[in-house]
Amino acid sequence: MCLIATWGDDPTGDAYKRHLARIPDYFWVAEDGMKMQFFFQSFGSQMWDAAFAIQAIISSDLAEEYGPTLKKAHDFVKSSQIRDNPPGDFSKMYRHTSKGAWTFSMQDQGLQVSDCTAEGLKVALLYSQMSQELVGEKLESECLYDAVNVILSLQSENGGFPALEPRRAYSWVEKFNPTEFFEDALIEREYVECTSSAIQGLVLFKKLHPGHRVQEIQSCISRAVKYIHDTQNPDGSWYGFWGICYTYGTWFAVEALVACGKTYYNSPTLRKACEFLLSKQLPDGGWGESYLTNANKEYINLDGNRSNLVQTSWALISLMKAGQVKVDSTPVKRGIRLLINSQMEEGDFPQQEITGAFFGNCILNYSSYRNIFPIWALGEYRRTIRCA
């Protein structure tokens, strides 16, 4: 619409030409046909994907071998951070502070996202512990402080974190939702994924920068952890809003609790999470959850009880991080065997069912997930075995 509006104003004007130049950001031809970006992916999911890819490579202990790749990714992370708030009196326009945040895609998008900011903070902190000769100069401390400020500003009263801005409206406002298929589309609410990312980022920041806003950060973490505990389902799972579904939400919750020092032995919550995941393992060693789960709010296997390698990776990472392998390593070994046997000759992993989701009834395709998460799970397994 903006493109059409600028063309209507002046078909030869600079504004129209600048919009025209960004068309490749929205439309492109992929291996399986024409693609277009939509909603949060209006510019793509570059930052989100990059943060996970970085952590996957680091988990593999192959940083020295892939130093140039990590350095390029580090440059992207640094250049993608938002360095200024929206212009003017942005609070009157109901915009939130964004200085120090990371977006879902790149700096140009300009919209702060809590979990993207937290994941950006986390990988920036991971880079700060690595050789600058290998990965380049670390991000300035003030930029890290700005990111922390954004994260702290987004926490809700119940300890959880929304995605884009502080929760301002009551749940009953959703009754006025005019759409037929978007669920929880009018107001912000809290998500286990965003809360987990915030916990992980702040815990690592607190460790590396122990003198900055100590009481505020500790209070934020404690309240967020309580939210994680409070939102666990009776079967041990967590509902994932931005992925499919209970496998995704449970992975995030486990990561948050482990970051705070919880283990299989000292946390009944983690033991229940492991029991849930083990109860869903399929005969071939994998996990496969249907997109129908998000809408129906109950775990539904993929047709034919097929496994999905991305979801299998989420489950395996959760079990390894929680320490379940110290109790019984057989389920994890079965899952790892499936990942290894599924890799194609060129090193790629097959594209399977879509695993991203939003608004309950919609799915998002993250094409990089098919490689990121199997690599991450295999890296964690290698590290787990070496430490055993």
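What this report covers is the structure whose coordinates are included nearby. (Residues numbered from 1 in each chain as written. Predicted model: local features only at pLDDT ≥ 70, side-chain atom pairs only at ≥ 80, totals over all residues. Heavy atoms only, no water.)

### Here we look at the overall build of the protein chain
And then number 1: If you tally the helices and strands in the protein chain, you get 16 helices and four strands.
And then number 2: For the protein chain, whose C-alpha radius of gyration is 21 Å, the value lies close to the compact-globule estimate of 21 Å for 388 residues.
And then number 3: By principal-axis analysis of the C-alpha atoms, the protein chain measures approximately 65 × 50 × 50 Å.
And then number 4: Within the span of the protein chain, comprising 388 residues, buried residues form 51% of the whole.
And then number 5: Counting contacts in the protein chain only where the partners sit at least 6 residues apart, residues at least 24 apart contribute 67% of the total.
And then number 6: Accessible surface computed for the protein chain: about 18400 Å², of which carbon and sulfur atoms make up 54%. (Helix = DSSP H or I, 4+ residues; strand = E, 2+ residues; numbered from the N terminus. Rg over C-alpha atoms; globule rule 2.2 N^0.38 Å. Buried < 20%, exposed > 50% of the residue type's maximum accessible area, 1.4 Å probe, protein only. Contact = heavy atoms within 4.5 Å. Areas by Shrake-Rupley, 256 points an atom, 1.4 Å probe, with all protein chains shown as cover.)

### Comments concerning empty space enclosed by the protein
And then number 1: One pass over the full model with this rule turns up three cavities of 30 Å³ or more.
And then number 2: Looking at the second largest cavity, its volume works out to about 70 Å³.
And then number 3: Here the residues of the lining of the second largest cavity are counted per class, giving five nonpolar, five polar and two charged. (1 Å grid on protein atoms, 1.4 Å probe; cavity = no way out; pocket = protein on both sides within 12 Å on 5 of 7 lines; lining within 4 Å. Points joined across faces, edges and corners; volume = space filled by probe spheres on them. Nonpolar A, V, L, I, M, F, W, Y, C, P; charged D, E, K, R; others polar.)

### A few points about unusual backbone geometry
And then number 1: Unlike most non-glycine residues, D61 shows phi in positive territory, near 60°.
And then number 2: On the secondary structure map, D61 appears in the loop between α4 (46-59) and α5 (67-80).
And then number 3: Its relative accessible area of 40% is what places D61 among the partly exposed residues.
And then number 4: A positive phi angle is found at F359, which is not glycine, with a value near 50°.
And then number 5: The class of F359 is buried, set by a relative accessible area of 8%.

### A closer look at the pattern of salt bridges
And then number 1: This model, assessed by the stated rule, comprises 13 salt bridges.
And then number 2: Where D75 meets K78, a salt bridge forms, and the shortest distance between an N and an O atom there is 3.9 Å. Placement of the pair is D75 and K78 together in helix α5, with a separation of three residues, close to one helical turn.
And then number 3: A relative accessible area of 34% means that D75 is categorised as partly exposed.
And then number 4: A salt bridge links E255 to K321; its shortest N-O distance comes to 2.8 Å. Note that E255 is positioned in helix α11 (residues 246-259) and K321 in helix α14 (residues 309-322), a separation of 66 residues in sequence.
And then number 5: Among the charged side chains, a network of salt bridges with common partners joins D61, E380 and R383. (Salt bridge = Lys/Arg side-chain N within 4 Å of Asp/Glu carboxyl O.)

### Topic: the packing of aromatic side chains
And then number 1: Summed over the entire model, instances satisfying the criterion amount to 30 aromatic pairs.
And then number 2: On the numbers, 6.2 Å between centres and 55° between planes, the contact of Y248 with W251 is tilted. One end of the pair is Y248 and the other is W251, both in helix α11 and three residues apart, which spans about a single turn. When sorted by exposure, Y248 lands in the same class as W251, which is buried. (Phe/Tyr/Trp six-rings, centres within 6.5 Å; stacked < 30°, edge-to-face > 60°.)

### Quick word on helix α9 (residues 192-208)
And then number 1: With 17 residues, α9 should cover 24 Å at 1.5 Å per step; its first-to-last C-alpha distance of 24 Å lies within 8% of that length.
And then number 2: Here α9 lies mainly inside the structure; 13 of its 17 residues are buried. (Expected span 1.5 Å × (residues − 1).)

### Here's the deal with the nonpolar core
And then number 1: Counting residues in each nonpolar core, the largest one holds 101 residues, and the members touching the most others are W48, F52, L121, W251, Y369 and F373.
And then number 2: Counting residues per element, this core draws most heavily on α14, at nine residues.
And then number 3: Apart from residues lying up to four places away in sequence, Y369 is in contact with W48, D49, F52, Y248, V310, W314, T355 and P374. (Core = buried A, V, L, I, M, F, W, Y, C linked by side-chain atoms within 4.5 Å.)

### A look at the layout of surface pockets
And then number 1: Computed from the structure, the largest pocket encloses a volume of approximately 970 Å³.
And then number 2: E255, V258, K321, E380 and R383 are, among the 33 residues lining the largest pocket, the residues nearest its centre.
And then number 3: Those elements that place two or more of their residues in the lining of the largest pocket are α4, α6 (114-128), α9, α11, α14, α15 (330-342) and α16 (369-387).
And then number 4: It is α16 that contributes the most residues to the lining of the largest pocket, seven residues altogether.
And then number 5: Of the residues assigned to the lining of the largest pocket, the class counts are 17 nonpolar, eight polar and eight charged.

### As for the state of the cysteines
And then number 1: Inspection of the entire model under this criterion finds zero disulfides.
And then number 2: Not part of a disulfide, C274 finds its nearest cysteine sulfur in C260, a span of 16 Å. (Disulfide = S-S within 2.5 Å.)

Distances and angles like these do not, on their own, reveal function.
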